[in-house]
Amino acid sequence: MQKEGQEKKGNKVAVVSGSSSGIGLATSLALARNGFYTYATMRNLEKSAGIIDAAAKEKLPLQLVQLDVNDERSVNSAIAKITAEQGRIDVLVNNAGYGLFGALEDLSIEEIKAQYETNFFGLIRLTQAALPLMRKQNGGIIVNVGSVAGRIGFPGTAAYTSTKFALEGLTEAISYELEPFGIKVVIVEPGVIKTNFLNGMVVPRKTSDPNSPYLQLMQQMNATLSSMRENGSSSPEVVAKAVLQAVTVENPELRYLAGEDAVTLMEMRKKAPSDEEFRQMLKQNFSQH
Ligand SMILES: NC(=O)c1ccc[n+]([C@@H]2O[C@H](COP(=O)([O-])OP(=O)(O)OC[C@H]3O[C@@H](n4cnc5c(N)ncnc54)[C@H](OP(=O)(O)O)[C@@H]3O)[C@@H](O)[C@H]2O)c1
């Protein structure tokens with residue numbers, strides 16, 4: 001663990017958003033273990049005990065920085081600090097995010113906007129802040145943490161799913177824009193991963209209102225997600241490994257699936273002769289839980 005301002009020159013520099021838990025924490029540690037000087041950023045530094053202990057034990061080149069992707073000042077000040085200390089960002093991992101649970105009709109526009117503010121606009125805010133430096137150094141890689149829910153729409157998560165679909169389009173589009181500057185862009189698409197994600201899901205009260213016309217569907221989705229978490233989910237290290245692979249190979253793929261469930265689902269999708277047949281397969285899958 002490095003002290004404040006005690007930069008280690010010579011290493012490639014990585015910045016990870018949402019490092020307080022789950023995929024962000026595992027990814028920050030994996031990058032630091034593999035020689036990247038890592039800025040593990042989080043919005044609430046009081047949640048840093050876990051990562052501090054792990055980094056100190058292994059003497060990792062890792063430093064904490066406060067960064068809330070929803071707050072322009074916080075983003076700019078984190079990037080200014082990293083620029084002053086290192087003068088470069090080789091790897092930017094856009095990981096911060098959360099899930100909003102509920103059928104579309106049961107969600108308010110404010111709840112949906114808040115979901116987009118973090119998962120989509122927050123990612124854009126941090127990317128835009130980092131890009132001038134990355135362009136100037138003429139190289140680097142941006143890894144967006146998407147989801148298999150950015151390739152396949154799941155009921156009860158329309159807001160979340162649509163942020164991750166939006167991220168797919170953004171990733172593809174900017175991969176062309178940034179190529180002339182030597183900056184690569186990839187998207188990692190995890191399946192269900194054992195993190196705080198499901199416990200931390202925002203579940204608006206209307207979603208569990210007994211009068212909601214979607215109550216039965218939401219209860220079924222809840223059971224499906226819990227069962228997937230218990231029986232089929234992968235560890236956050238699986239995602240960290242995919243990120244590490246993307247940032248260490250010479251020619252990374254545009255997309256990396258992470259987790260066996262993600263691979264199986266995408267294979268099902270590819271093999272399905274039509275969208276309708278895939279929908280029927282997915283519905284059958286849900287009803288088995
Ligand atoms: N777990 C899964 O099954 C799964 C599957 C596919 C994709 N993903 C994606 O993976 C990413 C990480 O999720 P996770 O599974 O590791 O869940 P997690 O353990 O809940 O971690 C989410 C991280 O995002 C942070 N965060 C939320 N809002 C933020 C903000 N405004 N600014 C900065 N950080 C913020 C959280 O900080 P706090 O601790 O302060 O809340 C936390 O560090 C998310 O983008 C998620 O959509 C997860």
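Parameters at a glance
- Residues numbered from 1 in each chain as written.
- Predicted model: local features only at pLDDT ≥ 70, side-chain atom pairs only at ≥ 80, totals over all residues.
- Heavy atoms only, no water.
- Pairing = 2+ DSSP bridges.
- Helix = DSSP H or I, 4+ residues; strand = E, 2+ residues; numbered from the N terminus.
- Axes fitted to C-alpha atoms, helices over the stretch in contact; angles between N-to-C directions.
- Salt bridge = Lys/Arg side-chain N within 4 Å of Asp/Glu carboxyl O.
- Buried < 20%, exposed > 50% of the residue type's maximum accessible area, 1.4 Å probe, protein only.
- Near = heavy atom within 4 Å.
- Polar contact = N/O pair within 3.5 Å; in protein donor to acceptor, adjacent residues only side chain to side chain.
- Areas by Shrake-Rupley, 256 points an atom, 1.4 Å probe, with all protein chains shown as cover.
- Nonpolar A, V, L, I, M, F, W, Y, C, P; charged D, E, K, R; others polar.
- Parallel < 35°, antiparallel > 145°, perpendicular 65-115°, else oblique.
- Left-handed = near helix turned anticlockwise from the far one by under 90°.
- Contact = heavy atoms within 4.5 Å.

1. Description of the sheet that holds strand E5 (residues 140-145)
- Strand order in the open sheet formed by seven strands is E3-E2-E1-E4-E5-E6-E7, and the pairing between neighbours is parallel. One side of each edge strand has no neighbouring strand; the edge strands of this open sheet are strand E3 (62-66) and strand E7 (255-258). For this sheet, the mean inter-axis angle between neighbouring strands, taken without regard to orientation, is 20°.
- Summarising the sheet, strand E2 (residues 37-42) and E3 pair through five bridges and their orientation is parallel. Directly across from methionine 42, in E3, lies its bridge partner glutamine 66.

2. So, the pattern of salt bridges
- Counted by the stated rule, this structure contains eleven salt bridges.
- Two residues, glutamate 189 and arginine 255, come together in a salt bridge whose shortest N-O distance is 3.4 Å. Here the residue glutamate 189 occupies a position in strand E6 (residues 183-190), and arginine 255 occupies one in strand E7, the gap between them amounting to 66 residues.
- The exposure class assigned to arginine 255 is partly exposed, which follows from its relative accessible area of 27%.
- In this structure, glutamate 230 and arginine 229 form a salt bridge, with 3.8 Å as the shortest nitrogen-oxygen distance.
- Counted as one network, the salt bridges with shared partners bring together Arg151, Glu168, Glu172, Glu189 and Arg255.

3. Regarding unusual backbone geometry
- Here the phi dihedral of lysine 59 falls at roughly 50°; this positive angle occurs in a residue that is not glycine.
- By secondary structure assignment, the location of lysine 59 is in the loop between helix H2 (49-57) and E3.
- Backbone geometry at asparagine 138 places phi at a positive 60°, although glycine is not the residue there.
- If you trace the backbone, asparagine 138 turns up in the loop between helix H4 (109-137) and E5.

4. Things to note about the site of the ligand
- Around the ligand sit 28 residues, and of these Ser20, Ser21, Asn95, Tyr160 and Thr195 come closest.
- Contact between the ligand and aspartate 68: a nitrogen atom at 2.9 Å from a side-chain N or O atom of the residue.
- Take tyrosine 160: an N or O atom from its side chain is 2.7 Å from an oxygen atom of the ligand.
- In isolation the ligand exposes 880 Å². Once the protein is present, 93% of that is buried.
- When residues of the shell around the ligand are traced back to their parent elements, those giving at least two are helix H1 (22-33) and helix H5 (158-178).
- Its residues assigned to classes, the shell around the ligand shows ten nonpolar, 14 polar and four charged.

5. Side note on the packing of helix H3 (residues 72-86) against H4
- Relative orientation of the contacting elements H3 and H4 amounts to 25°, with a least axis distance of 10 Å. Judged by the angle between their axes, H3 and H4 are roughly parallel. At the point where H3 passes H4, the crossing takes the right-handed sense. Packed against H3, whose contacting residues are Glu72, Val75, Asn76, Ile79 and Thr83, the element H4 presents Arg125, Leu126, Ala129, Ala130 and Leu133 at the interface.
- In terms of residue class, the contact of H3 with H4 is built from six nonpolar, two polar and two charged.

Limitation: the analysis is restricted to geometry and does not speak to function.
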